[in-house]
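Residue-level structural notes
So the chains spell out like this:
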Amino acid sequence: MEENLKIPQHVSIIMDGNGRWATSHGKPRLFGHKEGAESLRACMQFAVEMQIKYLSIFAFSTENWGRPEEEIQGLWSLLLESINKETSYMIENHVRFRVVGNLEELPEYLRIAIHDAEEATAACTGSVLVVMLNYSGKWDIVQAANRFAEENPGKKMEWADMDRYLATAGIPDPDLLIRTSGEERISNYMLWQTAYTEFYFTDCLWPDFRKPEFRLALEAYSRRKRRFGKL
Ligand code: FPP
């Protein structure tokens with residue numbers, strides 16, 4: 001199969017199942033998120049190895065604010081720890097780090113760390129790791145429409161305008177979207193950008209999703225025939 005592997009330009013992942021993984025191991029939910037951060041690390045390394053240009057991950061949705069405060073704080077600490085730990089790996093491996101979402105609502109210490117890591121990797125020309133944080137598809141479409149209306153009074157929006165005003169502007173639409181943990185829905189993720197994305201669902205819980213599972217997803221993608229509405 002290896003020689004026939006088609007490499008998508010952009011793989012996006014809805015990393016689901018950390019809580020259930022933790023519960024099944026008799027541990028608190030945050031333990032699942034920690035193990036999930038290890039999966040992210042493994043997947044980023046695999047993306048570099050496979051020369052996948054964009055790897056984006058749904059790290060925190062606008063709806064996730066409804067979780068207990070302790071879990072939210074734990075996620076911020078984990079993100080900060082991961083940024084501090086991984087920035088040197090990213091620079092050495094030419095990975096550019098980007099964060100997309102409504103960052104205004106995040107704690108200042110996190111915004112500073114994000115900004116610093118984005119700056120430190122700004123010149124990297126290899127793979128791009130895009131962390132979707134405090135993001136939702138409906139938020140993105142509405143902010144794009146509002147900004148367009150403000151900047152172009154009286155004008156009608158075209159498809160290409162939406163692409164330019166979305167928070168993901170400049171990042172190609174995902175070719176492959178992976179969702180772990182057996183859930184088969186989009187959950188207000190990249191609604192506009194996934195119009196022609198191939199979906200791959202697996203029962204594997206995110207903390208168990210490592211290189212072999214990522215490879216299976218690429219193999220499944222390689223077997224898909226993409227027609228984009230044509231014959
Ligand atoms: C979904 O599992 C996971 C999240 C909402 C958070 C994802 C965060 C990580 C993987 C931590 C590492 C991330 C970074 C950016 C360092 P869930 O909690 O919804 O699981 P459940 O459905 O089993 O409860």
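Throughout what follows, the structure given in this document is the object of discussion. (Residues numbered from 1 in each chain as written. Predicted model: local features only at pLDDT ≥ 70, side-chain atom pairs only at ≥ 80, totals over all residues. Heavy atoms only, no water.)

1. Observations concerning the pattern of salt bridges
Going through the model one piece at a time under the given rule, you end up with 13 salt bridges. A salt bridge links Asp16 to Arg179, with the nearest nitrogen and oxygen atoms 2.9 Å apart. Highlighted residues: Asp16 in the loop between strand S1 (10-14) and helix H1 (18-24) and Arg179 in strand S5 (residues 176-179), separated in sequence by 163 residues. Like Arg179, Asp16 is buried. Residues Glu183 and Arg185 are paired through a salt bridge, measuring 3.2 Å at the closest nitrogen-oxygen approach. According to the relative accessible area criterion, Arg185 is partly exposed, its value standing at 46%. Salt bridges linked by common partners bring Asp16, Arg20, Arg179, Glu183 and Arg185 together as one network. (Salt bridge = Lys/Arg side-chain N within 4 Å of Asp/Glu carboxyl O. Helix = DSSP H or I, 4+ residues; strand = E, 2+ residues; numbered from the N terminus. Buried < 20%, exposed > 50% of the residue type's maximum accessible area, 1.4 Å probe, protein only.)

2. Considerations on the pairing of strand S3 (residues 96-100)
Both S3 and strand S4 (residues 128-135) contribute to a ladder of five bridges, which runs parallel. When the sheet's bridge partners are listed, Val99 is paired in S4 with Val131. Regarding the hand of the β-α-β motif, the stretch spanning S3, helix H4 (residues 108-120) and S4 is left-handed. (Pairing = 2+ DSSP bridges. Right-handed = clockwise from strand over helix to strand, strands pointing away.)

3. Some details on the sheet that holds S3
Strand order across the open sheet formed by six strands is S3-S4-S2-S1-S5-S6, with parallel pairing between neighbours. Whereas interior strands pair on both sides, the edge strands pair on one side only; in this sheet they are S3 and strand S6 (198-201). For this sheet, the mean inter-axis angle between neighbouring strands, taken without regard to orientation, is 20°. Sitting on the sheet, H4 is in contact with S3 and S4, with an inclination near 140° to S3. (Axes fitted to C-alpha atoms, helices over the stretch in contact; angles between N-to-C directions. Contact = heavy atoms within 4.5 Å.)

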